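What follows is the residue order along each chain.
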Amino acid sequence: MSDLEGMRNMNVKHAIALAISVVASPLLAQPTPIKMSIAADGTGPKIDRNIFGQFAENLGTGIYGGVWVGEGSSIPNVRGMRSDVVSALKALKVPSVRWPGGCFADEYHWRDGVGPRTKRAVTVNGSWGNALEKNDFGTDEFFDFLNQIESEAYISVNMGSGSVKEAADWMAYMTADPGTTAGAERAANGHREPYRVKFLGIGNESWSCGGAYSADYYVDEMKRYARFTRNLNIQQQGTDNPAGGSVAGTDPMQRIAVGPGSLDTAYTEAVMKAWKGHDWSWSIEGLSMHNYTWMSWPPSFSSIDFGEREYAMLIKDTLKMEDMIRGHSAVMDKYDPAKKVPLVIDEWGVWLAKLPGSRDGFLHQQNSIRDAIIASINLNMFTRHADRVRMTAIAQMVNVLQAMILTDGPRMVLTPTYHLFKMYVPFQNATRLPIDFDAGTYSFGDVRVPRIDAIAARGTDGKLWIALTNVDPSKPAEIDAEIAGIRVGAASGTVLTADRVDAINSFDKPDTVAPRPISARVNGGRLQVTLPPKSVTVLSVTP
């Protein structure tokens, strides 16, 4: 054999060895399975369905163009409400909708929005871009909208520029018997029967846009609103009314006081101390908390065309929600160890820079797979604190901030966050189950966050439901779960993922980020599933 032939043979051998190593390397590099244990026969608190609530403010095109187009619109509608939007929201089984704000609530005068629309006041929305507010969408339209999507009312009364009398008169209009003057006015406007007001927000961000009150001043004002802003469908005063028992009925209105918007506990301390010492004449049934994912104020991170660093930083910023829940829950526990008063996180979500070309003050942004992953992390945190967190409202429902739905004239697109919420529907009113796992770490530069997040619950349908989030944008995760207490027969579900961290659904490409089926392997009582990178998976397990 010549030297040349030897070299050729050697090169062939090297090429074959290299090819074998390339083929074999994925097998050798398979990730170590993440061990997980779920006590399917265990028990925990109920995951109140109101944790999956929504927020719709008179802001930008959130209402006008997003929900309301008017009876004369060429866009299909029922009494002015967009039929496509109504149908999409109905599929989410939305438990409650907070309205009319937000900051707008403390400049909203309800009488501007009742009666014949041709005679309603035209005002200026000073909170959001000085847009004209025609008041076409008012109280009666809001309740019609709720009826169409089969949801409950969370009314925020005007405590900033309004008065106790104005709030009380509004409640009378909504809830009084038609034999009263207020009830007769409502009947004349098309609705004889009293409306059902399930939740009442006493002010909004009173530490800031709602009046910049000190905590003690807010508490003094809040007591008056809690006493006199009555739901006239029920006898509701305090919780120890010597004149007539506690609260009449089995499903009374819940009054929600303003709480914190940061780690500062001043409002939480003041409100809960007052609640602990309240007498028969007033009470509250909730304390609000606001927290957004935005890194810094004003929000500057883009909702489009971003990279992995921005992705990782916002994931990390989301985790401060855990610190806020723990910190304020500890204060609430001091005054309310029985957890009678829920923590109501009625504004949360990703707040990003406005889309280029959109109007200032309209808070119009896109919605990516990153935002859906952030939503899953938040919902999982709320679930882990379900004994105290029993209601939330994502900001916002349509066309504003982290919206479920985007519209443009007659066009509509469902966002990744919409799909995430629909995947989580089985967790509404489910029972949280014990789950244990090693979250691991995802890192990018100096950012380090848990790689895996997961919750488990027994649904009202009796099934075991598991939600699994893989934060890592480039590496899959192999889950190996031991499930105790039930016989594991089969598991299947849906996964939400995309090829890029900034993948969005546009009007031209509405299905770029959409759920698709995923199956899991069942072997000897264990469940195994591969989570794609940057994904959320929801599985149901059947015997």
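Since this is a predicted model, take the numbers as computed values, not measurements.

Caption draft 1: Main features of the overall build of the protein. A count of helices and strands for the protein gives 11 helices and 27 strands. Against the compact-globule benchmark of 24 Å for 543 residues, the protein has a radius of gyration of 26 Å, which places it among compact chains. With respect to the three principal axes, the spread of C-alpha positions in the protein is 110 × 50 × 40 Å. A burial count over the protein gives 54% of its 543 residues as buried. Long-range pairs, those at least 24 residues apart, make up 76% of the contacts in the protein between residues at least 6 apart in sequence. Entry remark: accessible area of the protein is about 22100 Å², with carbon and sulfur atoms responsible for 54%. Across the protein, the 55 positively charged side chains and the 59 negatively charged ones have centroids separated by 3 Å.

Caption draft 2: How the structure looks around the side chain of glutamate 166. Residue placement: glutamate 166 occurs in helix α4 (residues 164–175). Among buried Asp, Glu, Lys and Arg side chains, glutamate 166 stands out as unpaired, with arginine 111 the closest opposite charge at 8.0 Å. Apart from residues lying up to four places away in sequence, glutamate 166 is in contact with Tyr108, His109, Trp110 and Asn158.

Caption draft 3: Seen up close, a nonpolar patch on the surface. A surface patch of nonpolar side chains, about 310 Å² in accessible area, is lined by Val122, Val124 and Leu132. Of note, valine 124 is situated in strand β6 (residues 123–125). For valine 124, a relative accessible area of 47% translates into the label partly exposed.

Caption draft 4: Molecular detail of the sheet that holds strand β16 (residues 431–432). What the 6 strands build is an open sheet, ordered β16-β20-β21-β27-β23-β24; its pairing is antiparallel. The open sheet has two free edges, formed respectively by β16 and β24 (516–519), since each of these has just one partner strand. Relative to strand β23 (residues 490–496), helix α11 (residues 416–423) is tilted by about 160°, and along the sheet it contacts β23 and β27 (535–542).

Caption draft 5: Region of interest: the sheet that holds strand β5 (residues 96–99). Ordered in space as β2-β5-β8-β9-β10-β11-β12-β13, the 8 strands form a closed barrel in which the pairing is parallel. This sheet shows a mean twist of 30° between the axes of neighbouring strands, independent of strand direction. Taken together, the 3 bridges between strand β2 (residues 53–55) and strand β13 (residues 389–395) define a ladder with parallel strand orientation. Each bridged residue has a counterpart across the sheet, and for glutamine 54 the counterpart in β13 is isoleucine 394. Across the sheet, helix α9 (residues 320–335) lies against β11 (286–293), β12 (343–350) and β13, angled at about 160° from β11, the strand it touches most.

Caption draft 6: Spotlight on empty space enclosed by the protein. Under the defined criterion, the tally for this structure stands at 3 cavities of 30 Å³ or more. Within this model, the largest cavity holds a volume of roughly 50 Å³. Around the largest cavity, the lining is made up of 14 residues, and of these Arg98, Tyr154, Gly203, Ser288 and Asp346 lie nearest the centre.

Caption draft 7: Summary view of unusual backbone geometry. Between tryptophan 99 and proline 100 the backbone carries a cis peptide bond, its omega angle lying at 5°. Within the secondary structure layout, proline 100 lies in the loop between β5 and β6. Of note, the amide linkage connecting alanine 395 to glutamine 396 takes the cis form, showing an omega dihedral of -5°. One non-glycine residue with positive phi stands out, namely glutamate 205, at about 40°. Tracing the backbone through its elements, the reader meets glutamate 205 in the loop between β9 (197–202) and α6 (215–228). Not every positive phi belongs to a glycine, and alanine 212 is a case in point at roughly 55°.

Caption draft 8: Quick look at helix α7 (residues 266–276). Taken together, the buried positions of α7 are occupied by Tyr267, Thr268, Ala270, Val271, Met272, Ala274 and Trp275. Buried residues in α7 make contact with α6, β10 (254–257), β11 and α9.

Caption draft 9: Seen up close, the packing of α7 against α9. It is at 9 Å that the axes of α7 and α9 come closest, and there the two elements cross at 20°. Compared by their axis directions, α7 and α9 come out roughly parallel. Note that α7 runs across α9; the crossing there is right-handed. Contacts from Thr268, Glu269, Met272, Lys273, Trp275 and Lys276 in α7 reach His328, Val331, Met332, Lys334 and Tyr335 in α9. Tallied by class, the residues present in the contact of α7 with α9 amount to 5 nonpolar, 2 polar and 4 charged.

Caption draft 10: Structural view of the pattern of salt bridges. Applying the stated criterion to the full structure yields 31 salt bridges. Salt-bridge contacts for arginine 98 lead to glutamate 347; the nearest nitrogen and oxygen are separated by 3.0 Å. Residue arginine 98 is found in strand β5, and its partner glutamate 347 is found in strand β12; the two are separated by 249 residues along the sequence. Each member of the pair, arginine 98 as well as glutamate 347, carries the same accessibility label: buried. In this structure, arginine 388 engages aspartate 336 in a salt bridge whose closest nitrogen and oxygen atoms are separated by 2.8 Å. Of this pair, arginine 388 sits in the loop between α10 (369–384) and β13 while aspartate 336 sits in the loop between α9 and β12, and the two are 52 residues apart along the sequence. Grouping residues by exposure puts arginine 388 and aspartate 336 together as buried. Taken together, the shared-partner salt bridges in this structure form one network comprising Asp333, Asp336, Lys339, Asp387 and Arg388.

Caption draft 11: The arrangement of the nonpolar core in detail. Residues Ile155, Tyr218, Met222, Tyr424 and Phe427 are the most contacted members of the largest nonpolar core, which totals 126 residues. With 9 residues, the top contributor of residues to this core is α10. In this structure, tyrosine 218 is in contact with Met159, Ile202, Ser206, Tyr213, Ala257, Val258, Tyr267 and Val271, ignoring residues within four places of it in sequence. Residues Ala454, Leu464, Ile479 and Ile518 belong to the second largest nonpolar core, which totals 25 residues.

Caption draft 12: Broad picture of the confidence of the model for the protein. Summarising the model, the protein shows a mean pLDDT of 92, and 91% of its residues fall at 70 or more. Note on residues 1–29: pLDDT is under 50 here. Beyond four places in sequence and across chains, it has 2 contacts. Across residues 237–249, where pLDDT falls below 50, the model places 28 contacts with residues more than four positions away in sequence or in other chains.

Caption draft 13: Spotlight on the pairing of β27. Summarising burial for β27: 7 of the 8 residues are buried, a large majority. Strand direction decides the pairing type here: strand β21 (residues 464–470) and β27, joined by 7 bridges, are antiparallel. Within β27, the position partnered with threonine 469 by the bridge is valine 536. Judged from the 7 bridges that link them, β23 and β27 form a sheet pairing that is antiparallel. Bridge assignment links valine 495 to a residue of β27, and that residue is threonine 537.

Conventions we followed
- Residues numbered from 1 in each chain as written.
- Predicted model: local features only at pLDDT ≥ 70, side-chain atom pairs only at ≥ 80, totals over all residues.
- Heavy atoms only, no water.
- Helix = DSSP H or I, 4+ residues; strand = E, 2+ residues; numbered from the N terminus.
- Rg over C-alpha atoms; globule rule 2.2 N^0.38 Å.
- Buried < 20%, exposed > 50% of the residue type's maximum accessible area, 1.4 Å probe, protein only.
- Contact = heavy atoms within 4.5 Å.
- Areas by Shrake-Rupley, 256 points an atom, 1.4 Å probe, with all protein chains shown as cover.
- Lys, Arg positive; Asp, Glu negative; His and termini not counted.
- Charge placed at Lys NZ, Arg CZ, Asp CG, Glu CD.
- Salt bridge = Lys/Arg side-chain N within 4 Å of Asp/Glu carboxyl O.
- Patch = residues over 30% accessible without salt bridge, like charges linked within 9 Å, V, L, I, M, F, W, Y side chains within 5 Å.
- Pairing = 2+ DSSP bridges.
- Axes fitted to C-alpha atoms, helices over the stretch in contact; angles between N-to-C directions.
- 1 Å grid on protein atoms, 1.4 Å probe; cavity = no way out; pocket = protein on both sides within 12 Å on 5 of 7 lines; lining within 4 Å.
- Points joined across faces, edges and corners; volume = space filled by probe spheres on them.
- Parallel < 35°, antiparallel > 145°, perpendicular 65-115°, else oblique.
- Left-handed = near helix turned anticlockwise from the far one by under 90°.
- Nonpolar A, V, L, I, M, F, W, Y, C, P; charged D, E, K, R; others polar.
- Core = buried A, V, L, I, M, F, W, Y, C linked by side-chain atoms within 4.5 Å.
- pLDDT = per-residue confidence, 0-100.

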